[in-house]
Amino acid sequence: MANRAQIPNSNSALIAMIADEDTVVGFLLAGVGNVDLRRNTNYLIVDSKTTVKQIEDAFKEFTTREDIAVVLISQYIANMIRFLVDNYNKPVPAILEIPSKDHPYDPAHDSILSRVKYLFSAESVASGRR
């Protein structure tokens, strides 16, 4: 019985979301949502009334919280705060850009994919391969 999965406890990590209502609700229905004792949530629903400042503040909060391991952000919202997303360089929490219902995924704007392409191009130049 030693191989049983561990039950999550207070030390378990969360997934944070910054996305449109449909995307956030889908993840909440899957069990991603969390509200702590201070009524702080691990998600921000972005609509037409949400300001860029609110998105920036949520991104900064989620990337500094100890209990968050992954921040999922809709790519079109990440484009609104691209300077913050591109300048973020810590491994945890990991920032993953996801598509939304109304905005398809564009690999040209994905910060993770651009970093991987840069690393592989730098590695191939350093090793003399082309």
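Each value, and the rule that gives it
Residues numbered from 1 in each chain as written. Predicted model: local features only at pLDDT ≥ 70, side-chain atom pairs only at ≥ 80, totals over all residues. Heavy atoms only, no water. Polar contact = N/O pair within 3.5 Å; in protein donor to acceptor, adjacent residues only side chain to side chain. Helix = DSSP H or I, 4+ residues; strand = E, 2+ residues; numbered from the N terminus. Buried < 20%, exposed > 50% of the residue type's maximum accessible area, 1.4 Å probe, protein only. Contact = heavy atoms within 4.5 Å. Pairing = 2+ DSSP bridges.

Enquirer: So what exactly am I meant to see when it comes to helix H1 (residues 21-29) here?
Expert: Because each turn of an α-helix spans 3.6 residues, side chains separated by three or four positions in sequence point in the same direction. Put simply, Asp 20 is the residue that caps the front of H1, since its side-chain oxygen is 3.3 Å from the backbone nitrogen of Asp 22. Among the residues trailing H1, Gly 31 stands out with phi positive, at a value near 100°.

Enquirer: Would you mind going over the side chain of Glu 97 with me for this structure?
Expert: Tracing the backbone through its elements, the reader meets Glu 97 in strand S4 (residues 94-98). Here Glu 97 falls in the buried class, since its relative accessible area comes to 8%. For Glu 97, the side chain forms a polar contact with the side chain of Arg 82, separated by 2.8 Å. In this view, Glu 97 contacts Ile 73, Gln 75, Ala 78, Arg 82, Val 85, Tyr 105, His 109, Asp 110 and Ser 111; residues no more than four positions away in its chain are not counted.

Enquirer: What should I look at first to understand the pairing of strand S3 (residues 68-74) in this one?
Expert: For a regular strand, side-chain orientation follows a simple rule: the groups alternate between the two sheet faces. Of all seven residues in S3, five are buried; the element is thus mostly enclosed. Sheet topology note: the strand S1 (residues 14-19)/S3 ladder contains five bridges and is parallel. Looking across to S3, one finds that Ile 15 is bridged to Val 70. For S3 and S4, the ladder comprises five bridges, and the chain directions are parallel. When the bridges of S4 are listed, Ser 74 appears paired with Ile 98.

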